[in-house]
Amino acid sequence: MSSYSNETWNDYRLYGNHTCGLPREDSFHIWRGVNSDLPWPGTVFGLLPIAIWVWCTDQVMVQRTLSAKNLSHAKGGSLLAAYLKLLPFLLFILPGMMSRVLYPEEVACASPESCEKACKNPAGCTNVAYPWLVLRILPPGLRGLMLAALLAALMSSLTSIFNSASSMFTLDIWQTIRRQAKERELMLVGRTCVLALVGVSILWIPILQSAGGGTLWNYMQAVSSYIAPPWCVCFVLGVFWTRTTEQGAFWGLITGFVVGIIRMGIDFAYQAPLCGSGEPDTRPAVLTKVHFLHFSIILSAISSAVTVAVSLLTKPQPPEKLRRVTWWTRNEELPAEEFDDEENEKKDEIIITHELEMEENTNEESVSKVKRCLLYFYHWICGAPATTKAISKADRAEHIKMLTSIEENPFWAKILNINCMIVLLVCTFLLGYFG
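Residues numbered from 1 in each chain as written. Predicted model: local features only at pLDDT ≥ 70, side-chain atom pairs only at ≥ 80, totals over all residues. Heavy atoms only, no water.

## Description of the environment of Ser164
Right, so step 1: Looking at where Ser164 falls in the secondary structure, it is placed in helix α9 (residues 140-177).
Right, so step 2: In sequence terms Ser164 and Gln63 are 101 residues apart; their C-alpha atoms lie 7.9 Å from each other.
Right, so step 3: Among the polar contacts listed, one links the side chain of Ser164 to the backbone oxygen of Ser160, at a separation of 2.9 Å. (Helix = DSSP H or I, 4+ residues; strand = E, 2+ residues; numbered from the N terminus. Polar contact = N/O pair within 3.5 Å; in protein donor to acceptor, adjacent residues only side chain to side chain.)

## Quick look at the nonpolar core
Right, so step 1: Ile50, Tyr226, Phe292 and Leu293 are the most contacted members of the largest nonpolar core, which has 14 residues in total.
Right, so step 2: Among the secondary structure elements, those contributing two or more residues to this core are α2 (40-57), α12 (216-240) and α15 (292-313).
Right, so step 3: With five residues, the single largest contributor to this core is α12.
Right, so step 4: Those residues in contact with Tyr226, other than ones at most four positions away along the chain, are Gly256, Gly260, Ile261, Arg263, Met264, Asp267, Phe292, Phe295 and Leu299.
Right, so step 5: Within the second largest apolar cluster, nine residues are counted, among which are Val107, Cys109, Ala129 and Leu133. (Core = buried A, V, L, I, M, F, W, Y, C linked by side-chain atoms within 4.5 Å. Buried < 20%, exposed > 50% of the residue type's maximum accessible area, 1.4 Å probe, protein only. Contact = heavy atoms within 4.5 Å.)

## Some thoughts on helix α10 (residues 183-203)
Right, so step 1: Look at α10: 31 Å from first C-alpha to last across 21 residues, which is about the 30 Å you get at 1.5 Å a residue.
Right, so step 2: By the burial criterion, the buried members of α10 are Arg184, Leu186, Val189, Gly190 and Cys193. (Expected span 1.5 Å × (residues − 1).)

## A closer look at the pattern of salt bridges
Right, so step 1: According to the stated counting rule, one finds four salt bridges in the structure shown.
Right, so step 2: Between Arg32 and Asp37 there is a salt bridge whose closest N-O contact spans 2.9 Å.
Right, so step 3: Owing to a relative accessible area of 13%, Arg32 belongs among the buried residues under this scheme.
Right, so step 4: For Asp37, a relative accessible area of 32% puts it in the partly exposed group. (Salt bridge = Lys/Arg side-chain N within 4 Å of Asp/Glu carboxyl O.)

## Topic: the packing of helix α5 (residues 88-102) against helix α8 (residues 129-137)
Right, so step 1: Contact geometry of α5 with α8 gives a least axis separation of 9 Å together with a crossing angle of 70°. When the axes of α5 and α8 are compared, the pair comes out roughly perpendicular. Viewed along their axes, α5 and α8 form a crossing whose handedness is left-handed. Mapping the contact onto sequence places Leu91, Pro95, Ser99 and Leu102 in α5 and Ala129, Tyr130, Leu133 and Ile137 in α8.
Right, so step 2: Counted by class, the contact of α5 with α8 contains seven nonpolar, one polar and no charged residues. (Axes fitted to C-alpha atoms, helices over the stretch in contact; angles between N-to-C directions. Parallel < 35°, antiparallel > 145°, perpendicular 65-115°, else oblique. Left-handed = near helix turned anticlockwise from the far one by under 90°. Nonpolar A, V, L, I, M, F, W, Y, C, P; charged D, E, K, R; others polar.)

## Here's the deal with α9
Right, so step 1: End to end, α9 covers 53 Å across 38 residues, agreeing with the expected 56 Å (1.5 Å per residue, within 8%).
Right, so step 2: In α9, a bend of some 30° at Thr170 exceeds every other bend along the element.
Right, so step 3: Among the residues of α9, Ser160, Phe162, Ser164, Ser166, Ser167 and Thr170 are the ones counted as buried.
Right, so step 4: Taken together, the buried residues of α9 touch α3 (59-66) and α10. (Bend = angle between axes of the 7 residues up to and from the residue.)

## Quick notes on the packing of aromatic side chains
Right, so step 1: Enumeration according to the criterion identifies seven aromatic pairs in this entry.
Right, so step 2: Summarising the aromatic geometry, the rings of Phe240 and Trp327 are spaced 6.1 Å apart at their centres and angled 40° between planes, so their arrangement reads as tilted. Linking Phe240 in helix α12 with Trp327 in the loop between α15 and α16 (342-363), this pair joins segments that are 87 residues apart in sequence.
Right, so step 3: Looking at Trp327, the relative accessible area reads 39%, which means it is partly exposed.
Right, so step 4: Aromatic side chains Tyr433 and Phe434 sit 4.9 Å apart centroid to centroid with 85° between the ring planes, which places their arrangement in the edge-to-face category.
Right, so step 5: Residue class for Tyr433 comes out exposed when judged on its relative accessible area of 58%.
Right, so step 6: The class of Phe434 is partly exposed, set by a relative accessible area of 27%.
Right, so step 7: Among the aromatic residues, those joined into a ring-pair cluster are Phe429, Tyr433 and Phe434.
Right, so step 8: Directly above the aromatic system of Tyr103 lies the positively charged group of Arg136, at a separation of 4.9 Å from the ring centroid.
Right, so step 9: For Arg136, the ring lying beneath its charged end belongs to Trp132, and the centroid distance is 4.6 Å. (Phe/Tyr/Trp six-rings, centres within 6.5 Å; stacked < 30°, edge-to-face > 60°. Lys NZ or Arg CZ within 6 Å of the ring centre and 35° of its normal.)

Structure representation (structure tokens):
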């Protein structure tokens, strides 16, 4: 058994063509040459802003962290995720290698024609390596269980992403347009946003299949390299540099976003020639000479320069606005009066007024049973309760104080710190051993 197809071996033996189908000479190394498919500068410095964006600022991750009971629980959940993140070597890499050896004519197809025949994707068949192992090796009962687990994990991930995206659109954009929007309207807008995202995701499938050389991982990292660095820079500077201003963060994000979208548009407009097709590479030099991980480094530098320059040219934030929002001011106490701002008072008025309106509507004797049923169905569709409860200022202040507390039990803080060191040491060992 071999990890390359007969077509690849014949091309190599007869014509000396070893560019397609054969494993790379550095395929067992993490740290690869500058001109490799994953250059080491991009792996170290290009993936860093992407990793910070995914694990520290992505709404999917942030929501789970904010839902923790306290800071120790949030740290424990992050450490559990870090331990689980060490398993992909056994869960992804080894099964992929086994699939390539077991099905070399399909997974290791070396020409667009053979790939089209094997998996209906001329760009490559590596994306179906794991599903074929499940479908062709596992017995029927275990096969169904594995597929059910994969579908459950996929649905969970998609649900989290759609929920986070709809939350950001509803709370950050829609409420800016309609400041007096009620809870039911926000719920309806959020669910409509989810339906729109599902439609866009379905329409995006053809682009996903052809982009990244037919490899899903390359596509995901390339897109992340175009959009993630500005957010990472904004987060890091905002947390660790108190001189960062709102204007600097805004223009750093906008500049990085525009530059990244231009590169992504060029990348989608000029597809790389398929390996084995014999077509010349006529893409612009910004694609052929600048790896997407190297572009992530460049984009991070551009966003950092713009953010720092604009921040230095604008008025700094007053000290009272920096309490509990940066690393250096995280232990400062918030004055009690800051819990009772005008915005929260307006929300109280809206909640109380809305509660009274609902009580009047539901208590009127003239309301028929049909109307009550329609009203109940409307509440069920919107996902909002039939009545709401007003919260007093004192209760809200106490609740916010509990949620924003960063106090920890010394014993559990020490246990968590020890586990953090263990994860770092194991990761360092694996990077050195497989480097």
